[in-house]
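Here are the chains, one letter per residue:
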Amino acid sequence: MSAVESTPKVGAVVITMGNRPDELRALLDSVAKQDGDPVEVVVVGNGSPVPDVPEGVRTVELPENLGIPGGRNVGIEAFGPSGRDVDILLFLDDDGLLAQHDTAELCRRAFAADPGLGIISFRIADPDTGETQRRHVPRLRAADPMRSSRVTTFLGGANAVRTRVFAEVGGLPDEFFYAHEETDLAWRALDAGWMIDYRSDMVLYHPTTAPSRHAVYHRMVARNRVWLARRNLPAPLIPVYLGVWLLLTLVRRPSRPALSAWFGGFREGWSTSCGVRRPMKWRTVWRLTRLGRPPVI
């Protein structure tokens, strides 16, 4: 096999609501400037027209908003079944910006060097301050965002996935719409033997925001947390996991409307279908524990 043939092919999926055309253009420009072979990009208009994009960028316009996982799954399939036309897919928020020109090349090298690596979570940094929010470091020991490590989940709008992972375990859970869809995929990937890395040297600039800015945040977070447990955890761990998160929610003392929405979502998670249940193996539970995040928190 020649060097050209062995170079992993990289694609990128961006979903947009069409309301950030300037930010989208800046992101696409940062992707176009990546070192090495060009990154093929698909922009998915999630229930909205796609703003003007540079020549060569493919677009898909959906008649309705399918949610974050649904929109990204459409982007995956735009690269063939399970994204098989490329080896690696980047998933980037439409208001983000790749900070360096070597991110795609670093991804190629990382996946080539470690055949067991399935997913890479990038570091998200504020473009003005350079700071990384604690919630953007996907591990419990998050005090030092500059430390790269193995992790058990990843950040949805700043990551790279080996497309063989999708072929083996499936895509993101459409029904989640928003919140926890990354952890659902991460747990399934880990259960299949893949590993996940957090890389501090792969940076996506993104303005500092609060997840609660979304009106559906508290309901979706609670509902999907229940679905996540029901779909993936061994039966004895489900009440433990959800009990811990109930206590954490109460300790954080959300406002009364937020707490009401949270409990509404929690009830909805039990009363509605969570999709196909595939409980992880107990050895995966132990693996998550050794990686620093047992699946009870």
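Residues numbered from 1 in each chain as written. Predicted model: local features only at pLDDT ≥ 70, side-chain atom pairs only at ≥ 80, totals over all residues. Heavy atoms only, no water.

Our working definition: UniProt positions are given in the numbering used here, feature names are shortened, and annotations may be inferred rather than shown by experiment.
Per an unreviewed UniProt entry, the protein goes by the name Glycosyl transferase and belongs to Streptomyces brasiliensis. The UniProt entry for the protein carries the following comment under Sequence similarities (unreviewed entry): "Belongs to the glycosyltransferase 2 family." Taken directly from UniProt, the Pathway (unreviewed entry) text for the protein runs: "Cell wall biogenesis; cell wall polysaccharide biosynthesis."

### Points about the packing of aromatic side chains
Selection criterion: The aromatic pairing rule takes the rings of Phe, Tyr and Trp, using the six-membered ring of Trp, and pairs them if the centres are within 6.5 Å, calling planes under 30 degrees apart stacked, those over 60 edge-to-face and the rest tilted. Secondary structure elements are defined from DSSP: runs of H or I of at least 4 residues count as helices, runs of E of at least 2 residues count as strands, and each element is numbered from the N terminus. Accessible area is worked out with a 1.4 Å probe on protein chains only. A residue is then buried under 20% of its type maximum, exposed over 50%, and partly exposed in between. We count a charge as sitting over a ring when the NZ of a lysine or the CZ of an arginine lies within 6 Å of the ring centre and within 35 degrees of the ring normal.
Counted according to the given criterion, the structure contains five aromatic pairs. The interplanar angle of 70° and the centroid separation of 5.8 Å between the aromatic rings of Trp 187 and Tyr 241 together place this pair among those described as edge-to-face. Taken as a pair, Trp 187 in helix H6 (residues 181–191) and Tyr 241 in helix H8 (residues 237–251) lie far apart in primary sequence, 54 residues in all. Each member of the pair, Trp 187 as well as Tyr 241, is classed as buried. Taking 5.3 Å as the distance between ring centres and 85° as the angle between the ring planes, the aromatic pair formed by Trp 262 and Phe 263 counts as edge-to-face. The cationic tip of Arg 58 hangs over the ring face of Phe 79; the distance from NZ or CZ to the ring centre is 5.1 Å.

### Examining the environment of Ala 179
Rules: Should any heavy atoms of two residues lie within 4.5 Å, those residues are counted as being in contact.
Mapped onto the fold, Ala 179 is located in the loop between helix H5 (163–169) and H6. Judged by relative accessible area, which is 10%, Ala 179 ranks as buried. Along the primary structure Ala 179 and Ala 222 are separated by 43 residues, whereas in three dimensions their C-alpha atoms are 9.0 Å apart. Once you skip the residues sitting within four places of it in the chain, Ala 179 turns out to touch Met 220, Val 221 and Asn 224.

### Concerning the UniProt feature "domain: Glycosyltransferase 2-like" (unreviewed entry) in the protein
In the numbering used here, UniProt assigns the "domain: Glycosyltransferase 2-like" (unreviewed entry) feature to residues 13–166. Each end of residues 13–166 is marked by a C-alpha atom, and these two atoms are 14 Å apart; helix forms 25% of the span and strand 25%.

### Topic: the nonpolar core
Put simply, the test is: Buried Ala, Val, Leu, Ile, Met, Phe, Trp, Tyr and Cys residues form a nonpolar core when they are joined through side-chain atoms within 4.5 Å.
Formed by 51 residues in total, the largest nonpolar core has its most connected members in Leu 89, Leu 233 and Tyr 241. Sort the elements by how many residues they give to this core and helix H7 (residues 217–232) lands first, with seven residues. Judged by nonpolar contacts, the second largest core, of 30 residues, contains Leu 28, Val 31, Leu 92 and Leu 204.

### Brief notes about the side chain of Ser 30
Put simply, the test is: The term polar contact refers here to a pair of N or O atoms within 3.5 Å; inside protein, the definition further demands a hydrogen-donor-capable atom paired with an acceptor-capable atom, and it admits residues adjacent in sequence only when both atoms are side-chain atoms.
Looking at where Ser 30 falls in the secondary structure, it is placed in helix H2 (residues 21–32). Exposure remark for Ser 30: the relative accessible area of 6% places this residue in the buried category. A polar contact is formed between the side chain of Ser 30 and the backbone oxygen of Leu 27, at a distance of 2.6 Å. Those residues within four positions of Ser 30 in sequence are excluded, and the remaining contacts are Leu 97 and Leu 98.

### Looking at the packing of H6 against H7
The relative placement of two packed helices comes down to the angle between their axes together with the axis-to-axis distance. What counts here: Here the axes come from fitting lines to C-alpha atoms, over the contacting stretch only for helices, and the angles between their N-to-C directions go from 0 to 180 degrees. By the definition adopted for this analysis, an angle is roughly parallel if under 35 degrees, roughly antiparallel if over 145, roughly perpendicular if from 65 to 115, and oblique otherwise. Take the far helix as the reference: if the near one is turned anticlockwise from it by less than a right angle, the crossing is left-handed, and if turned clockwise, right-handed. When residue character is reported, Ala, Val, Leu, Ile, Met, Phe, Trp, Tyr, Cys and Pro are called nonpolar, Asp, Glu, Lys and Arg charged, and the others, Gly included, polar.
Running from amino to carboxyl end, H6 crosses H7 at an angle of 15°, the nearest separation of the two axes being 10 Å. In terms of orientation, H6 and H7 fall into the roughly parallel class. Both H6 and H7 take part in a crossing whose hand is right-handed. Across from Thr 183, Asp 184, Trp 187 and Arg 188 in H6, the residues of H7 making contact are Leu 228, Arg 231 and Asn 232. In terms of residue class, the contact of H6 with H7 is made up of two nonpolar, two polar and three charged.

### Description of unusual backbone geometry
Backbone geometry places Phe 177, a non-glycine residue, at a positive phi of 65°. The exposure class assigned to Phe 177 is partly exposed, which follows from its relative accessible area of 31%. Within the chain, Arg 253 stands out as a residue other than glycine whose phi angle is a positive 50°. On the secondary structure map, Arg 253 appears in the loop between H8 and helix H9 (256–271).

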